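# Secondary and tertiary structure notes
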Amino acid sequence: MYDEESNYCETLITPTVPRSVRNVCIAYVVLAVLCVIAAVLVTWWALLIGILSLVLRWKTLQMISAEYEYQFWGRQLDVEAIESNDKRRPVATFHLDDVECMAREDAPEIEAYRSVLGSEQPARMDLTDRNPLGMPVYLMFVRDDVLREVRLQPSREMLRKMWQAAPRAVHIPEELKAEEP
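The paragraphs below set out a description of the structure included in this document. Not measured: the values here are computed from a predicted model.

### Observations regarding the pairing of strand β1 (residues 9-13)
Alternating positions in β1 separate cleanly, C9, T11 and I13 being buried on one face and E10 and L12 remaining unburied on the opposite face. Judged from the 5 bridges that link them, β1 and strand β2 (residues 67-73) form a sheet pairing that is antiparallel. Bridge assignment links E10 to a residue of β2, and that residue is Q71.

### A word on the sheet that holds strand β6 (residues 123-126)
Strand order in this open sheet of 4 strands is β5-β7-β8-β6, and the pairing throughout is mixed. What marks the edges here is a single partner per strand, and that holds for β5 (99-104) and β6. If you compare each strand with its neighbour and ignore which way they point, the axes differ by 15° on average. Of the strand pairs in this sheet, strand β7 (residues 138-143) and strand β8 (residues 147-152) are connected by 6 bridges, and their pairing is antiparallel. Paired with L139 across the bridge in β8 is R151. Helix α3 (residues 108-117) rests against β5, β7 and β8 of the sheet, and its axis sits at about 30° to β7.

The rules we used
- In this numbering scheme, every chain counts its residues from 1 along its sequence in written order.
- With the structure being a predicted model, the display of local features is reserved for residues of pLDDT at least 70 and the display and counting of side-chain atom pairs for 80 or more, all residues being used for whole-chain, interface and lining totals.
- Hydrogen atoms and water are omitted, and side-chain values are computed over all heavy atoms in the structure.
- For every residue, the accessible area (1.4 Å probe, protein chains only) is compared with the maximum for its type, and the residue is labelled buried under 20%, exposed over 50%, or partly exposed between those bounds.
- Think of it this way: any DSSP run of H or I at least four residues long counts as a helix, any run of E at least two long counts as a strand, and we number them from the N terminus.
- Two strands are counted as paired when DSSP detects at least two bridges linking them.
- Orientation is described by axes fitted as lines to C-alpha atoms, over the contacting stretch for helices, and by angles from 0 to 180 degrees between their N-to-C directions.
- Only heavy atoms matter for contacts: two residues are in contact if any of them lie within 4.5 Å across the pair.

As structure tokens, this is what we get:
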């Protein structure tokens, strides 16, 4: 039986680093090495450019090393970004009362909901690991001030608890509905 007091659940999502970002980081290191060589052979100020490129590489790695933590409790889903393994930054809070539809991105419920939307374009948020072989991606349409389309990767336990809290808005596979808690 569903109990709103004991439905806390959390999931940690670690995004994969895009190839273009990896290439930029490699380019920063190559530029730093070339600048050190130029500083030794030509002029000392090239060393400053090398140091600047290493700082830019470090900043780039700091920006992309964020993980997402989903916390579902009560009737809300909190999403936080964990940067550099210690800094927590709230990203968004979604209340299930504002959720109009949530299902797998390839589910027929999503296509039916999009046909009802017509020409209205939702704002998009991607809070997934961007790994095509990872956990299944769910789309959640939330209407608070504006309509948002949020891409999530909740765990099976979290999906089940969200479905129990809002069965009309959250659509999950039948095998999850039949699972024992």
